[in-house]
Amino acid sequence: MLASRSALSWSEHGVASWYGHLRPARRTSSGHPFDPHALTAAHPTLPMGTRVLVRSQDTGRSVVVTVNDRGPFLHSRIIDLSPAAAARIGMLDSGTAHVVIEPVTEVAQAEPGDTSADAIAAAAPGEPRRR
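Model, not experiment: these values are computed from the prediction.

Caption draft 1: Inspection of the overall build of the chain at higher detail. Within the chain one finds two helices and seven strands. Along the chain, from the amino end to the carboxyl end, the secondary structure elements read β-β-β-β-β-β-α-β-α. Across the 131 residues that make up the chain, the buried fraction comes to 32%. Summarising the internal contacts of the chain: among those between residues at least 6 apart in sequence, 67% fall at separations of at least 24.

Listed below in structure tokens is the structure:
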């Protein structure tokens, strides 16, 4: 695993796996029920709710996931994906993939009548983004 982090950007390179296909409904570390159809992931340290781009170096495909759980618990792996996220990057059959994880940069589009206060409120964590 190779990790690079700075105040402006970071990335991780390593092996991803997927989990949850045989698990009964359970709560994730975020407190929400596990949903195998959602584009979510388990990461050992990223804050809950963090959105990251996971790009497979094996298939060239990528997916944006939201961290809502902790794991993986094998030292050789850097992220566990939900089955839906794993399918998007083409790793369901292989079970693992070499991936790069990068931050997702989101940009909110201001409406013509927005004030600075409106822009600050729209950028608050958990608020829906306007496009």
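Having seen the structure, we can now continue with the description.
Caption draft 2: Seen up close, the packing of aromatic side chains. What the rule picks out here adds up to one aromatic pair. Seen from their ring centres, tyrosine 19 and phenylalanine 34 are 5.2 Å apart, and the 50 degrees between their planes marks the pair as tilted. Here phenylalanine 34 lies in the loop between strand E2 (10–18) and strand E3 (40–42) and tyrosine 19 lies in the loop between E2 and E3, a separation of 15 residues in the sequence. Across the pair, phenylalanine 34 and tyrosine 19 agree in class, each one buried.

Caption draft 3: Summary view of unusual backbone geometry. Residue proline 72 follows glycine 71 across a cis peptide bond; omega there is -10 degrees. Of note, proline 72 is situated in the loop between strand E5 (62–69) and strand E6 (77–81).

Caption draft 4: Expanded view of the nonpolar core. Membership of the largest hydrophobic core comes to 20 residues, with the highest contact counts inside it found for Val54, Ile79, Leu81 and Val99. For this core, the elements supplying multiple residues, two or more each, are E2, strand E4 (51–56), E5, E6, helix H1 (83–88) and strand E7 (96–103). Among residues more than four places away in sequence, those in contact with valine 54 are Arg61, Ser62, Val63, Val65, Ile79, Leu81, Ile89, Val99, Val100 and Ile101.

Caption draft 5: Geometry of the pattern of salt bridges. Under the criterion given, the structure shown has two salt bridges. Put simply, arginine 26 and aspartate 69 hold a salt bridge, and the shortest N to O gap is 2.8 Å. Pair noted here: arginine 26 is in the loop between E2 and E3 and aspartate 69 is in strand E5, with a separation of 43 residues, a long-range link. Looking at arginine 26, the relative accessible area reads 24%, which means it is partly exposed. A residue is classified by how much of its surface remains accessible, and aspartate 69, at 3% relative accessible area, is buried. Between arginine 55 and glutamate 102 there is a salt bridge, and its shortest N-O distance comes to 4.0 Å. With arginine 55 in strand E4 and glutamate 102 in strand E7, the pair connects residues that are 47 residues apart, well separated along the chain. In this structure arginine 55 comes out as partly exposed when scored by relative accessible area, which is 32%.

Caption draft 6: Quick peek at the pairing of E7. Note: E2 against E7, six bridges, orientation antiparallel. Counted as the bridge partner of valine 15 is histidine 98 from E7. Bridge count between E4 and E7: five bridges; the pairing is antiparallel. Note on E7: the bridge partner recorded for valine 52 is proline 103.

The rules behind each value
- Residues numbered from 1 in each chain as written.
- Predicted model: local features only at pLDDT ≥ 70, side-chain atom pairs only at ≥ 80, totals over all residues.
- Heavy atoms only, no water.
- Helix = DSSP H or I, 4+ residues; strand = E, 2+ residues; numbered from the N terminus.
- Buried < 20%, exposed > 50% of the residue type's maximum accessible area, 1.4 Å probe, protein only.
- Contact = heavy atoms within 4.5 Å.
- Phe/Tyr/Trp six-rings, centres within 6.5 Å; stacked < 30°, edge-to-face > 60°.
- Core = buried A, V, L, I, M, F, W, Y, C linked by side-chain atoms within 4.5 Å.
- Salt bridge = Lys/Arg side-chain N within 4 Å of Asp/Glu carboxyl O.
- Pairing = 2+ DSSP bridges.

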